[in-house]
Amino acid sequence: MQLKLSLVEKTALKIHADELGVSIQRLLVESTLSSFQGETLTERRDLLTALFQLQRGLAAVGNNINQIARAANATGEIQGELEASLAQLRASVNRIDEALESLKVVGEPS
């Protein structure tokens, strides 16, 4: 199958494909199929990557909060915000876990 494009169309497709890190052919296939599936595989993987990065960031914050909690245990003084912060962190991590689970790409490892 051959597809004829104007220079402007080809340039626009090339730029968009490069932004997504895919070939023009892959972009066209995913774009076409996304009308049936709601999103392209590339967009879905990019979203998963962003969510995993967010999850790691929240885990790091959780570690910091745990260190603060240890210090509070050592001194016997608990800051009022600590418990609320821990609850909020746990709820955020749970929501991210649920979102990641619902976005798994079929055939990809867990």
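Residues numbered from 1 in each chain as written. Predicted model: local features only at pLDDT ≥ 70, side-chain atom pairs only at ≥ 80, totals over all residues. Heavy atoms only, no water.

Draft legend 1. The nonpolar core, seen in detail. Residues Leu 48, Leu 51, Leu 58, Ile 65, Ala 69, Leu 82, Leu 86, Leu 89, Ile 96 and Leu 100 constitute the largest nonpolar core, which totals 10 residues. Ignoring any residue separated from it by four or fewer positions in sequence, one finds Leu 100 in contact with Leu 48, Leu 51, Phe 52 and Gln 55. Core analysis: the next-biggest nonpolar cluster, separate from the first, contains 5 residues, Leu 13, Ala 17, Ile 24 and Leu 27 among them. (Core = buried A, V, L, I, M, F, W, Y, C linked by side-chain atoms within 4.5 Å. Buried < 20%, exposed > 50% of the residue type's maximum accessible area, 1.4 Å probe, protein only. Contact = heavy atoms within 4.5 Å.)

Draft legend 2. Structural detail: the pattern of salt bridges. Enumeration according to the criterion identifies 1 salt bridge in this entry. With its nearest N and O atoms 2.9 Å apart, the salt bridge here joins Asp 18 to Lys 14. One end of the pair, Asp 18, and the other, Lys 14, are both in helix 1 (residues 7-20), 4 residues apart, so they sit about a helical turn from each other. (Salt bridge = Lys/Arg side-chain N within 4 Å of Asp/Glu carboxyl O. Helix = DSSP H or I, 4+ residues; strand = E, 2+ residues; numbered from the N terminus.)

Draft legend 3. Spotlight on a nonpolar patch on the surface. Taken together, the side chains of Leu 3, Leu 5 and Leu 28 make up a nonpolar region of the molecular surface, amounting to roughly 230 Å² of accessible area. By secondary structure assignment, the location of Leu 3 is in the segment before helix 1. On the basis of relative accessibility, which here comes to 52%, the residue Leu 3 falls in the exposed class. (Patch = residues over 30% accessible without salt bridge, like charges linked within 9 Å, V, L, I, M, F, W, Y side chains within 5 Å. Areas by Shrake-Rupley, 256 points an atom, 1.4 Å probe, with all protein chains shown as cover.)

Draft legend 4. Broad picture of helix 1. For helix 1, which comprises 14 residues, the first-to-last C-alpha distance of 20 Å matches the rise-based estimate of 20 Å (1.5 Å per residue) to within 8%. At the C-terminal side of helix 1, Gly 21 shows a positive phi close to 75°. (Expected span 1.5 Å × (residues − 1).)

Draft legend 5. Structural context of the environment of Leu 58. By the element assignment, Leu 58 lies in helix 3 (residues 41-75). Overall, the relative accessible area of 18% leaves Leu 58 in the buried class. With 35 residues separating them in the primary sequence, Leu 58 and Val 93 have C-alpha atoms 7.0 Å apart.

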